[in-house]
Amino acid sequence: MELFDEGLHSGVNLALNVEKVIYREKTDLQDLMIFENSQFGRVMSLDGAVQTTEKDEFIYHEMFVHVPVLAHGKVSRALIIGGGDGGAARQLMKHSNIAVTMVDIDRTVVELSKKFMPSVSGGAFDDPRLELIIADGCKFVRETSDRWDVIIIDSTDPHGPGEVLYTKEFYADCKACLSPGGIIITQNGVPFVQEGELRTSYDRLGSQFKDVSFYLAAIPSYVGGVMAYGWATDDADHRKVSLSRLAERYVEAGIATDYYTPEVHLAAFALPLHIQKIL
Ligand code: AG3
């Protein structure tokens, strides 16, 4: 049987059985593959790195979305940079009063996700509250004069095309697109194998925002242990939100989740010492 062999981190490879190739294409922008695996269901990879799997995407996307939205408490507009599979958009759509702008560079990812992994976006692309813009996210935030309460940077890792989405300049442009008290969340890799990336993001986000931190979740298809989400805002109160306040907001939002709970939300910000020492 063919093996998908991810060599994203030096010295470690993630091998997944390719039960069946569903789609494979090298676009102008990236090398894309969708295949079937008995543990993870359908798996989408870009440039040889797992991006999304049907079975564990709920963990990644619930924590990406509900943590900032419920910590903030008054989100009416959210911006997703990347996230072409529609997973983050689906989670945002669970909140009835949120309008979403999504900017992804590659229409192919959107179309293939809709076609071959429909549960990931779950109809989000057909929801009138979602505006999809196919463009370079970096250029978009530089040029827009719009404002959002939450910006979710759902990018690939900082190698190749995704690299610009980890620069100080990009974070500064994002900051200019935030409404007062807004929050930015980033995909910051797996600290155990991407220590340098955590440190760099901490410095770069820290140069722009008053309150910068990380929170953690284990995504089974991302090798190396827990993954870190970057958290950046000028309103330090969001991170200190109480459990009772979060629980109230969670019930009021009426969202169905399979990973997120208010308790998990607060616990995710507790950083093990070896991670604190990187910062
Ligand atoms: N965004 C995160 C990709 C991380 C890849 N890293 C890895 N395989 N360890 C993917 C987009 C999901 N919406």
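Structure shown above.
Cut-offs and rules
Residues numbered from 1 in each chain as written. Predicted model: local features only at pLDDT ≥ 70, side-chain atom pairs only at ≥ 80, totals over all residues. Heavy atoms only, no water. Pairing = 2+ DSSP bridges. Helix = DSSP H or I, 4+ residues; strand = E, 2+ residues; numbered from the N terminus. Axes fitted to C-alpha atoms, helices over the stretch in contact; angles between N-to-C directions. Near = heavy atom within 4 Å. Polar contact = N/O pair within 3.5 Å; in protein donor to acceptor, adjacent residues only side chain to side chain. 1 Å grid on protein atoms, 1.4 Å probe; cavity = no way out; pocket = protein on both sides within 12 Å on 5 of 7 lines; lining within 4 Å. Sits in = over half its atoms within 2 Å of the grid points. Nonpolar A, V, L, I, M, F, W, Y, C, P; charged D, E, K, R; others polar. Points joined across faces, edges and corners; volume = space filled by probe spheres on them. Domains from an automatic or database assignment.

## Quick word on the sheet that holds strand 13 (residues 226-233)
Strands in a sheet are paired, the pairing made by backbone hydrogen bonds, and the direction either parallel or antiparallel.
1) Next: Pairing is mixed across the open sheet formed by 7 strands, whose spatial order is 9-8-7-10-11-13-12. Edge positions in the sheet fall to strand 9 (130-134) and strand 12 (211-218), since each has one partner strand and no second. Looking at each pair of strands side by side, their axes are set apart by 20 degrees on average, direction ignored.
2) Next: Judged from the 5 bridges that link them, strand 7 (residues 77-82) and strand 10 (residues 148-154) form a sheet pairing that is parallel.

## Section: the site of the ligand
1) Next: Around the ligand, a shell composed of 13 residues is seen, among which Val 50, His 61, Asp 85, Asp 154 and Asp 157 lie nearest.
2) Next: Take Tyr 60: an N or O atom from its side chain is 2.9 Å from a nitrogen atom of the ligand.
3) Next: Side-chain polar atom of Asp 157 to a nitrogen atom of the ligand: 2.7 Å apart, as the coordinates give it.
4) Next: A majority-of-atoms criterion places the ligand in the largest pocket.
5) Next: Every element with two or more residues in the shell around the ligand is listed here: strand 1 (3-9), strand 6 (49-53) and helix 1 (57-72).
6) Next: When residues in the shell around the ligand are grouped by element, the largest group, 3 residues, is from strand 6.
7) Next: Looking at the shell around the ligand, its residues break down into 4 nonpolar, 5 polar and 4 charged.

## Focus: the layout of surface pockets
1) Next: The calculated volume of the largest pocket comes to roughly 630 Å³.
2) Next: Those elements that provide at least two residues to the lining of the largest pocket are strand 1, strand 5 (41-46), strand 6, helix 1, strand 7, strand 8 (99-104) and helix 5 (137-143).
3) Next: Classifying every residue of the lining of the largest pocket by side-chain character gives 19 nonpolar, 15 polar and 6 charged.
4) Next: Formed jointly, the lining of the largest pocket draws a minimum of three residues from each of two domains, domain 1 (3-53) and domain 2 (57-276).
5) Next: In this structure, the second largest pocket is lined by 13 residues; those nearest its centre are Gly 73, His 95, Asn 97, Glu 252 and Ala 253.

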